[in-house]
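Commentary on secondary and tertiary structure
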Amino acid sequence: MQDPRAEENRIESSPYTETRAAASLAGVIVATTLVQAFVSWAAVVLPSIAPEFARAFSLSPALIGFQVSLVYGGAVLTSAFAGGMVRRYGACRTSQIALVLSGVGCALMALPTLIALPLASLSVGFGYGLTNPAAAHLIARLGAARHRNILFSAKQTGVPLGGVIAGMLAPPAAVAFGWQAAPLTAAVACIVLGLALQPIRARWDFDRDRSARFADRPFAGVALVWRDVILRRIALMSFCYSLAQVCLTTFLVTLLVEEAEFALVAAGFVLALVQAASVGGRLFWGWAADRIGRGLALLAALGLMTAVCSLAVAGLTQVLGAGPLVALFVIFGFAAVGWNGVYLAEVARIAGVRAGEATGGSRVITFAGVLVGPALFSLIVPAIGGYAAAFAAVAAVALIGVAFVRMAEAPRSPP
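1. Some thoughts on the overall build of the protein
When helices and strands are tallied, the protein shows 18 helices and zero strands. Burial statistics for the protein: of 415 residues in total, 57% are counted as buried. In the protein, 84% of the contacts between residues at least 6 apart in sequence involve partners at least 24 apart. A total of about 16,500 Å² of accessible surface is found on the protein, and carbon and sulfur atoms cover 68% of it.

2. Overview of a nonpolar patch on the surface
Together, Leu-59, Leu-63, Phe-66, Leu-114, Leu-371, Val-372, Leu-376 and Leu-379 give the surface a local cluster of nonpolar side chains, amounting to about 610 Å² of exposed area. Here the element with the most residues in the nonpolar patch is helix α17 (residues 355-384); it accounts for four residues. Topologically, Leu-371 is positioned in helix α17. Owing to a relative accessible area of 31%, Leu-371 belongs among the partly exposed residues under this scheme.

3. Brief notes about the environment of Arg-291
With respect to the helices, strands and loops of the structure, Arg-291 is situated in helix α13 (residues 264-292). As for Arg-291 and Ile-150, which are separated by 141 residues in sequence, their C-alpha atoms are 9.8 Å apart.

4. Details of the pattern of salt bridges
Going through the model one piece at a time under the given rule, you end up with five salt bridges. Here Glu-52 and Arg-55 are joined by a salt bridge, their closest N and O atoms 2.9 Å apart. Residue Glu-52 and its partner Arg-55 are located together in helix α3 (residues 50-56), separated by three residues, close to a single helical turn. With relative accessibility at 54%, the residue Arg-55 sits in the exposed group. Its salt-bridge partner being Arg-294, residue Glu-409 comes within 3.5 Å of it at the nearest N-O pair. Pair noted here: Glu-409 is in helix α18 (residues 391-409) and Arg-294 is in the loop between α13 and α14 (295-316), with a separation of 115 residues, a long-range link. The exposure class of Arg-294 is partly exposed, given its relative accessible area of 49%. Because the salt bridges share partners, they merge into one network encompassing Arg-294, Arg-406 and Glu-409.

5. Thoughts on the nonpolar core
Ranked by internal contacts, the top residues of the largest apolar core, which has 121 residues, are Tyr-72, Leu-256, Phe-329, Tyr-343 and Phe-377. Excluding its chain neighbours within four sequence positions, the residues that come into contact with Tyr-72 are Ala-43, Tyr-128, Val-246, Phe-367, Val-370 and Leu-371.

6. Some remarks on the confidence of the model for the protein
A residue-level look at the protein finds 88% of positions with pLDDT of 70 or above and a mean pLDDT of 84. Note that pLDDT drops below 50 for residues 1-20; the model gives that stretch four contacts with residues more than four away or on any other chain.

7. Regarding the packing of α14 against α18
Where α14 contacts α18, the axes come no closer than 8 Å and their chain directions differ by 170°. Judged on the interaxial angle alone, α18 and α14 are roughly antiparallel. The interaxial crossing formed by α14 with α18 has left-handed handedness. Contacts between α14 and α18 involve Leu-296, Ala-297, Leu-299, Ala-300, Gly-303, Leu-304, Thr-306, Ala-307, Ser-310, Leu-311, Val-313 and Ala-314 on the former and, on the latter, Phe-391, Ala-392, Val-394, Ala-395, Ala-398, Leu-399, Val-402, Val-405, Arg-406, Ala-408 and Glu-409. Partitioned by chemical class, the residues of the contact of α14 with α18 number 18 nonpolar, three polar and two charged.

8. As for the environment of Pro-47
Locating Pro-47 in the fold gives a position in the loop between α2 (15-44) and α3. Through-space distance from the C-alpha of Pro-47 to that of Val-68 is 7.8 Å; in sequence the pair is 21 residues apart. Apart from the residues within four sequence positions on either side, Pro-47 is in contact with Ile-64, Gln-67, Val-68, Thr-250 and Val-253.

9. Considering the environment of Leu-264
Here Leu-264 shows up in helix α13. We classify Leu-264 as buried; its relative accessible area is 11%. As for Leu-264 and Glu-52, which are separated by 212 residues in sequence, their C-alpha atoms are 8.0 Å apart.

10. Some details on the side chain of Ser-278
With respect to the secondary-structure elements, Ser-278 resides in helix α13. Setting aside residues no more than four positions away along its own chain, Ser-278 makes contact with Pro-160, Gly-333, Phe-334 and Val-337.

11. Some words on the side chain of Ser-95
Along the chain, Ser-95 turns up in helix α5 (residues 91-109). Among the polar contacts made by the side chain of Ser-95, one reaches the main-chain carbonyl oxygen of Ala-91 at a distance of 2.9 Å. Contacts of Ser-95, omitting those with residues within four sequence positions, involve Val-35, Ala-134 and Leu-197.

12. Re the packing of aromatic side chains
Within this structure, the stated rule accounts for 17 aromatic pairs. When the ring of Phe-251 is compared with that of Tyr-387, the centres are 6.3 Å apart and the planes differ by 35°; the resulting orientation is tilted. Here Phe-251 is found in helix α12 (residues 229-259), whereas its partner Tyr-387 is found in the loop between α17 and α18, with 136 residues between them in sequence. The burial state of Phe-251 is the same as that of Tyr-387; both residues are buried. Both rings, one in Trp-339 and one in Tyr-343, keep their centres 5.5 Å apart while their planes meet at 50°; by these two values the pair is tilted. For the residue pair Trp-339 and Tyr-343, the accessibility class agrees, reading buried in each case. Members of the aromatic cluster, each reached through a chain of ring pairs, are Phe-251, Phe-332, Phe-377, Tyr-387 and Phe-391. The side chain of Arg-232 reaches across the aromatic face of Trp-226, ending 5.6 Å from its centre.

13. Examining unusual backbone geometry
The phi torsion at Ser-58 lies on the positive side, around 55°, for a residue other than glycine. Here Ser-58 lies in the loop between α3 and α4 (64-89). Classification of Ser-58 by relative accessible area gives exposed; the value is 69%. For Glu-261, which is not glycine, the phi dihedral falls at a positive 60°. Take Glu-261: it is sitting in the loop between α12 and α13.

What counts and what doesn't
Residues numbered from 1 in each chain as written. Predicted model: local features only at pLDDT ≥ 70, side-chain atom pairs only at ≥ 80, totals over all residues. Heavy atoms only, no water. Helix = DSSP H or I, 4+ residues; strand = E, 2+ residues; numbered from the N terminus. Buried < 20%, exposed > 50% of the residue type's maximum accessible area, 1.4 Å probe, protein only. Contact = heavy atoms within 4.5 Å. Areas by Shrake-Rupley, 256 points an atom, 1.4 Å probe, with all protein chains shown as cover. Patch = residues over 30% accessible without salt bridge, like charges linked within 9 Å, V, L, I, M, F, W, Y side chains within 5 Å. Salt bridge = Lys/Arg side-chain N within 4 Å of Asp/Glu carboxyl O. Core = buried A, V, L, I, M, F, W, Y, C linked by side-chain atoms within 4.5 Å. pLDDT = per-residue confidence, 0-100. Axes fitted to C-alpha atoms, helices over the stretch in contact; angles between N-to-C directions. Parallel < 35°, antiparallel > 145°, perpendicular 65-115°, else oblique. Left-handed = near helix turned anticlockwise from the far one by under 90°. Nonpolar A, V, L, I, M, F, W, Y, C, P; charged D, E, K, R; others polar. Polar contact = N/O pair within 3.5 Å; in protein donor to acceptor, adjacent residues only side chain to side chain. Phe/Tyr/Trp six-rings, centres within 6.5 Å; stacked < 30°, edge-to-face > 60°. Lys NZ or Arg CZ within 6 Å of the ring centre and 35° of its normal.

Written out as C-alpha cells, the structure is:
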C-alpha cells in the first residue's frame, strides 16, 4: 500500500504546485508594488506642486520640507507598531489600512486652509509607515532566498513609481484645475485600490493571529535591530541614505523652477524621469546584488555615487544647460533612490523568521532620516545660498552612510 506521506510530498513538489506558488508570489509582488506606489504618490504629491501650492498661500516653496518631515514623522510612529499589526490583522489588511489612511490624508490636504495640513500630512505618513513590514512578511513567506534582493527591489520600485505618477499627473492637474486637484486625485486612487484588495484578503491573511496585541511592545522591532550589530549599522546607513533620497525628491521641482528657470509642468516631467530611472535602478541593483552575493558592498558603492552626484548638483547646476542638468539628475536618481530593495533584503536575510518585525524596526530609523532631512534642508537653503548649494551637505551625509555600511561588513570579514 502506498505511503500517504509520500503521496503528499509528491503533490507538494509537483509542477502544478510550483506553478501555483510562482503565480501567488507574482500576485504578491504586483499588489505590494501598487500599494507602495499609491502611498508614495500620496507622500510626494505636494512636493511635486510645491511652487504652485506655495503661491496659493503666499509662502516660500522651501517650507515644503517641513510638510514632508511631518509625513515621515507619521511614518516613524506607525513603523514602530507595524510588525504587530501584521501579526494581528494580516499583511493584506494592514496594506488596506495604509491606503485608507493615505487617501484620507490627501483628501484633507485639498481643503483650502493650512490648518488641516499637519493632520493631513501625519495621516499620509501613518499609511506610509505600514507598507514595508506588510510586504516584507508576504515576500519572506513566499520568496526563495536566492532571489531575495530582486524580489524586494521589485516591490520597492513602488516608491519611485509613485513619484513618476505624481510627476506626470500632479503638475498638469494643478495648472489646469487648481492645486487641490492633485491631492484629490491621489486620494481617490488610494481608496479605490484599498477596496480592490478585499477579495484576496482571506487568502493572504490566513496566518494572522487574532490574539496578538500589537501595542504591547511597540518598539520591539527597534530593540531587535539595535541589539544586532550588523542590523544596527545598516539601519544607521539607511538613516543617511534616506535623508539624501528625500532631499532629492522633495526639492527637485522647486530647484528647477526657482534656480534653473523650468516651468512647473516641465519640472514635474523631470521628476517623473528621475523617478523612472529610480525604478530601473532598484531592479538593476537588486539583480546585481543577487549576482555578486555582496549586498553590503553594493550599498557602499551606491552611497559613494550619491555623494558624487550631490556634489555635482551643488557645483554645476548654474553652469549646465537644461539637457546635461536633466541627465545629471537622472543619474542621481538611479543611485540615490536605488538602494532600498537591497537594504530591505539584507534586513530580511539577517533577521530570518523575524523579517517583518525587523523591517518595521529598521524602518523607524530609516524614516527618522526622512523626518530630519527635509526640515534641515529647508533651514540650510537660505543660510547656504540656494537649493543647489545645499546639496553639498547632502553629500556629506551620504558619505557618513558609507562609513556605517563599511563597518557593517567588518564583523563578516575574516580576522
